Amino acid sequence: MTLKRAKTQWQDVVLVCRKCQRKLDGEGFGPDGERSLKKALRKTLKAGKSRKAGVAVLETDCFDVCPKNAVVAVRAGRRDAPLLIVPRGAPMDEVRTALDLDIDRPARR
C-alpha cells in the first residue's frame, strides 16, 4: 500500500471537545451566544472548513476534563500547549489570545 499526501494551507490546528459542545447543545458562544465554540472560533479567525483555511478548527473526542458550562480546547502541535477551559459566553478575542492565535498572519503558499 502506498501512502498518499494531501496538501493543506493550515498554519495552526485547534482541537475542540465534541462532548463538551454537545452538553451545551451547540450554543453559548459568539456575539449572540447562538454558536458552538467551533463555529465561533472559525468566524473569529476567518477560517473556512476546507483544507484551504489558514487555521483548522476541528472537533475531537473527549479530553477527560469535562468542565460544567464550558468547552475544552487546545492548540495542537505545541509541546507545551495547555488545555483551555472556555466558559460559556467567553469573548472570542480572549479565547484567541489565550490560544495564542495570530489572525493577521499571511497564508502559506
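The shown structure was predicted, so the numbers you read here are calculated from the model rather than taken from an experiment. (Residues numbered from 1 in each chain as written. Predicted model: local features only at pLDDT ≥ 70, side-chain atom pairs only at ≥ 80, totals over all residues. Heavy atoms only, no water.)

K.L.:
Give a description of the overall build of the protein that names residues and reports values.
P.N.:
On a plain count of helices and strands, the protein comes out with three helices and four strands. Traced from its N-terminal end to its C-terminal end, the protein shows the element sequence β-α-α-β-β-β-α. Compactness check: the protein gives a C-alpha radius of gyration of 14 Å against a globular reference of 13 Å for 109 residues, within 12% of the reference. Expressed along its principal axes, the backbone C-alpha trace of the protein runs to roughly 45 × 35 × 25 Å. Going through the 109 residues of the protein one by one, you find that 34% of them count as buried. (Helix = DSSP H or I, 4+ residues; strand = E, 2+ residues; numbered from the N terminus. Rg over C-alpha atoms; globule rule 2.2 N^0.38 Å. Buried < 20%, exposed > 50% of the residue type's maximum accessible area, 1.4 Å probe, protein only.)

K.L.:
Break down the nonpolar core for me, citing the residues and quoting the values.
P.N.:
Nonpolar side chains in soluble globular proteins generally cluster together in the buried interior. Formed by 22 residues in total, the largest nonpolar core has its most connected members in Val16, Phe29, Leu37 and Leu41. For this core, the elements supplying multiple residues, two or more each, are β1 (12-17), α2 (37-45), β2 (55-60), β3 (70-76) and α3 (92-98). Among the elements that line this core, the one with the most residues is α2, at four residues. Discounting residues that sit within four places of it in the chain, valine 16 has contacts with Gln21, Leu37, Leu41, Val57, Leu58, Glu59, Thr60, Phe63, Val71, Val72 and Ala73. (Core = buried A, V, L, I, M, F, W, Y, C linked by side-chain atoms within 4.5 Å. Contact = heavy atoms within 4.5 Å.)

K.L.:
Give a detailed account of the sheet that holds β1, specifying residues and quantitative values.
P.N.:
The strand order across the open sheet formed by four strands is β2-β1-β3-β4, and the pairing between neighbours is mixed. Sheet topology places β2 and β4 (84-87) at the edges, where each strand pairs with a single neighbour. This sheet shows a mean twist of 30 degrees between the axes of neighbouring strands, independent of strand direction. Lying on the sheet, α2 is in contact with β1, β2, β3 and β4; it crosses β2 at an angle near 175 degrees. (Pairing = 2+ DSSP bridges. Axes fitted to C-alpha atoms, helices over the stretch in contact; angles between N-to-C directions.)

K.L.:
Hey, could you go over the confidence of the model for the protein for me, with residue numbers and the actual values?
P.N.:
Per-residue confidence for the protein averages 87 on the pLDDT scale, and 93% of its residues sit at or above 70. Per-residue pLDDT, averaged within each element of the protein, yields its smallest value for α2 (90) and its largest for β4 (96). (pLDDT = per-residue confidence, 0-100.)

K.L.:
Break down the pattern of salt bridges for me, with residues and values.
P.N.:
For the coordinates displayed, the defined rule picks out seven salt bridges. Several salt bridges converge on common partners, so that one network encompasses Asp12, Arg75, Arg78 and Asp100. (Salt bridge = Lys/Arg side-chain N within 4 Å of Asp/Glu carboxyl O.)

K.L.:
I'd like to hear about α2, residue by residue, with values.
P.N.:
Most of α2 is tucked away, with seven of its nine residues classed as buried. What α2 keeps buried is the set Leu37, Lys38, Ala40, Leu41, Arg42, Thr44 and Leu45. Taken together, the buried residues of α2 touch β1, α1 (18-23), β2, β3, β4 and α3. Of the residues one or two after α2, lysine 46 is the one with positive phi, at around 55 degrees.

K.L.:
Would you mind going over a nonpolar patch on the surface in detail, with residue names and values included?
P.N.:
A cluster of nonpolar side chains, Val65, Leu83 and Ile85, forms an exposed patch at the surface whose accessible area comes to about 240 Å². Along the polypeptide, isoleucine 85 turns up in strand β4. With a relative accessible area of 45%, isoleucine 85 lands in the partly exposed category. (Patch = residues over 30% accessible without salt bridge, like charges linked within 9 Å, V, L, I, M, F, W, Y side chains within 5 Å. Areas by Shrake-Rupley, 256 points an atom, 1.4 Å probe, with all protein chains shown as cover.)

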